[in-house]
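Overview (structure and organization)
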Amino acid sequence: MTTHITGHTTISYAVDGGVAAIVLDRPGASNALNRELKEELLAALTRAGSDPAVRAVTLTASGRNFCVGQDLAEHVAGLRADPAHAMNTVAEHYNPIVLALTAIEVPVVVGINGACVGAGLGIALAADIRVAARGAKFGTAFCGIGLASDSGLSASLPRLVGRGRATGLLLLGDTIDADTAHAWGVVHRVVPDADLAAETAALAGRLAAGPTAAFKAVKQLLAGNAGAELGDVLDREAEAQRRLGASIDHSTAVEAFVAKQRPTFVGR
């Protein structure tokens, strides 16, 4: 089944084979985040997260770049017209986007091409798995325009690369290439530019066919156990294993393993 969100001009959305494919679609502006794109992206993420037929999500971009962050032309206009409220977009748009993305219970795979900077990087880091094209570049960009960070970068970036590297990336504003991003743990896989779309779709398809109830539990444990006391971690894991141990996916997978067969997962 394939569906589309009608009336959207900066986001493409389709569901097929249990995978919701969300595409940033302002290629002429390098997918810079103007108000329209931010609102449409939030709507798409919310829709994907609430659709029981969706078992995995992909977030990709059309054109040469994944996302260059905030649309600065729109931002400058806002500063000139109403400087006291120009930064309201962080609370009104970026925060809800990141929260909606992290609230999606099923796996989210991001395919990154070209530039991925600023809020674009923050959005990418809020997903679960990142695949980068060989030509991708990553940067923070905020201090270069006199800002700090948003879109969760002050938490997500040091978790992935360590505080020292995160501090350098934020303060210096340097960009890193795809191989460095892979070595530092920013992305999970680097592929030739021409293979990015196929690799991203294949990973999402693999996840959509997997034990999505277990995947949901993994995401919940990772989110809830960050910085938690060991006793709480063990209790949460025990509860998750108890619940999943009674699932259809677990019993059929164990039987399939004993019979040397490939299991079929139904997500419950």
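Given the structure is predicted, the values throughout are model-derived calculations rather than measurements.

1. Notes on the overall build of the chain
- Secondary structure summary: the chain contains 11 helices and nine strands in total.
- By the compact-globule yardstick of 18 Å for 268 residues, the chain fits well, its C-alpha radius of gyration being 19 Å.
- When the backbone C-alpha atoms are referred to their principal axes, the chain occupies close to 65 × 45 × 35 Å.
- Per-residue burial for the chain yields a buried fraction of 44% across its 268 residues.

2. Describing the side chain of D71
- Among the secondary structure elements, D71 is positioned in the loop between β3 (56-61) and α2 (72-81).
- Since its relative accessible area comes to 12%, D71 is described here as buried.
- Within polar-contact distance, the side chain of D71 engages the side chain of R26 at 3.0 Å.
- In contact with D71, not counting residues within four places along its chain, are R26, A32, L33 and N34.

3. Here we look at the packing of helix α9 (residues 212-225) against helix α10 (residues 230-245)
- At a minimum axis separation of 11 Å, α9 and α10 run at an interaxial angle of 170 degrees. Taken together, the axes of α9 and α10 lie roughly antiparallel to each other. For the pair α9 and α10, contact is made by A213, A214, A217, Q220, L221, G224 and N225 and by D232, V233, R236, E237, A240, R243 and L244, respectively.

4. Remarks on the domain arrangement of the chain
- Here the domain parsing of the chain yields domain 1 (11-209) and domain 2 (212-259).
- One C-alpha centre belongs to domain 1, the other to domain 2, and the line joining them spans 28 Å.
- With nine residues of domain 1 at the contact, the number on the domain 2 side is five residues.
- Note on domain 1 versus domain 2: buried area summed over both sides is about 630 Å², and carbon and sulfur give 57% of it.
- Contact with domain 2 buries area across many residues of domain 1, yet R55, E105 and L207 alone supply 60% of it, more than any other trio.
- A salt bridge links K219 to D128; the shortest N-O distance between them is 2.8 Å.
- Summed over the shared surface of domain 1 and domain 2, the number is three residue pairs in polar contact (both at pLDDT 80 or more).
- In the side of domain 1 that touches domain 2, the residues fall into six nonpolar, no polar and three charged.

5. Quick word on helix α3 (residues 88-103)
- In this model, α3 (16 residues) spans 22 Å end to end at C-alpha, consistent with the 22 Å of a helix rising 1.5 Å per residue.
- Roughly 30 degrees is the biggest bend found in α3, and it falls at Y94, with proline P96 one to four residues downstream.
- The inward-facing, buried residues of α3 abut α1 (35-50), β4 (108-112) and α4 (119-125).

6. Considerations on the pairing of strand β2 (residues 19-24)
- Among the six residues of β2, five are classified as buried, and the element is accordingly described as predominantly covered.
- Following strand β1 (residues 11-16), the chain reverses through two residues before pairing antiparallel with β2; G17 in that reversal takes a positive phi of roughly 60 degrees.
- In the classification by handedness, the crossover that spans β2, the intervening α1 and the parallel β3 is right-handed.

7. Quick word on the sheet that holds strand β8 (residues 176-177)
- Ordered in space as β5-β7-β8, the three strands form an open sheet in which the pairing is mixed. This sheet does not close on itself; its edge strands, each paired only once, are β5 (115-117) and β8.
- Here two bridges tie strand β7 (residues 137-139) to β8, and the two strands are oriented antiparallel to one another. When the bridges of β8 are listed, K137 appears paired with D177.

8. Quick look at the nonpolar core
- Counting residues in hydrophobic clusters, the biggest one holds 52 residues, and the most contacted among them are I22, L24, L41, V57, F66, I112 and F138.
- Among the nonpolar cores identified, the runner-up in size contains 11 residues, and V19, A133, A204 and L207 belong to it.

9. What about the pattern of salt bridges?
- Throughout the structure, instances matching the rule amount to seven salt bridges.
- Residues E105 and K216 are paired through a salt bridge, measuring 3.9 Å at the closest nitrogen-oxygen approach. On the criterion of sequence distance, the pair formed by E105 in the loop between α3 and β4 and K216 in helix α9 is long-range, its members being 111 residues apart.
- Note on E105: relative accessible area 41%, which makes it partly exposed.
- Of the residues examined, K216 reaches a relative accessible area of 28% and is grouped as partly exposed.

10. Some words on the sheet that holds strand β9 (residues 189-191)
- If you walk across this open sheet you meet the six strands as β1-β2-β3-β4-β6-β9, and the pairing is mixed. Because the sheet does not close on itself, it has two edges, and the strands there are β1 and β9. Across this sheet, the average inter-strand angle for adjacent strands is 20 degrees, counted without regard to direction.
- Pairing of β1 with β2, which is carried by six bridges, proceeds in the antiparallel orientation. Of the residues in β2, the one forming a bridge with Y13 is I22.

Rules behind the numbers
- Residues numbered from 1 in each chain as written.
- Predicted model: local features only at pLDDT ≥ 70, side-chain atom pairs only at ≥ 80, totals over all residues.
- Heavy atoms only, no water.
- Helix = DSSP H or I, 4+ residues; strand = E, 2+ residues; numbered from the N terminus.
- Rg over C-alpha atoms; globule rule 2.2 N^0.38 Å.
- Buried < 20%, exposed > 50% of the residue type's maximum accessible area, 1.4 Å probe, protein only.
- Polar contact = N/O pair within 3.5 Å; in protein donor to acceptor, adjacent residues only side chain to side chain.
- Contact = heavy atoms within 4.5 Å.
- Axes fitted to C-alpha atoms, helices over the stretch in contact; angles between N-to-C directions.
- Parallel < 35°, antiparallel > 145°, perpendicular 65-115°, else oblique.
- Domains from an automatic or database assignment.
- Buried area = accessible area lost by both parts, 1.4 Å probe.
- Salt bridge = Lys/Arg side-chain N within 4 Å of Asp/Glu carboxyl O.
- Nonpolar A, V, L, I, M, F, W, Y, C, P; charged D, E, K, R; others polar.
- Expected span 1.5 Å × (residues − 1).
- Bend = angle between axes of the 7 residues up to and from the residue.
- Pairing = 2+ DSSP bridges.
- Right-handed = clockwise from strand over helix to strand, strands pointing away.
- Core = buried A, V, L, I, M, F, W, Y, C linked by side-chain atoms within 4.5 Å.

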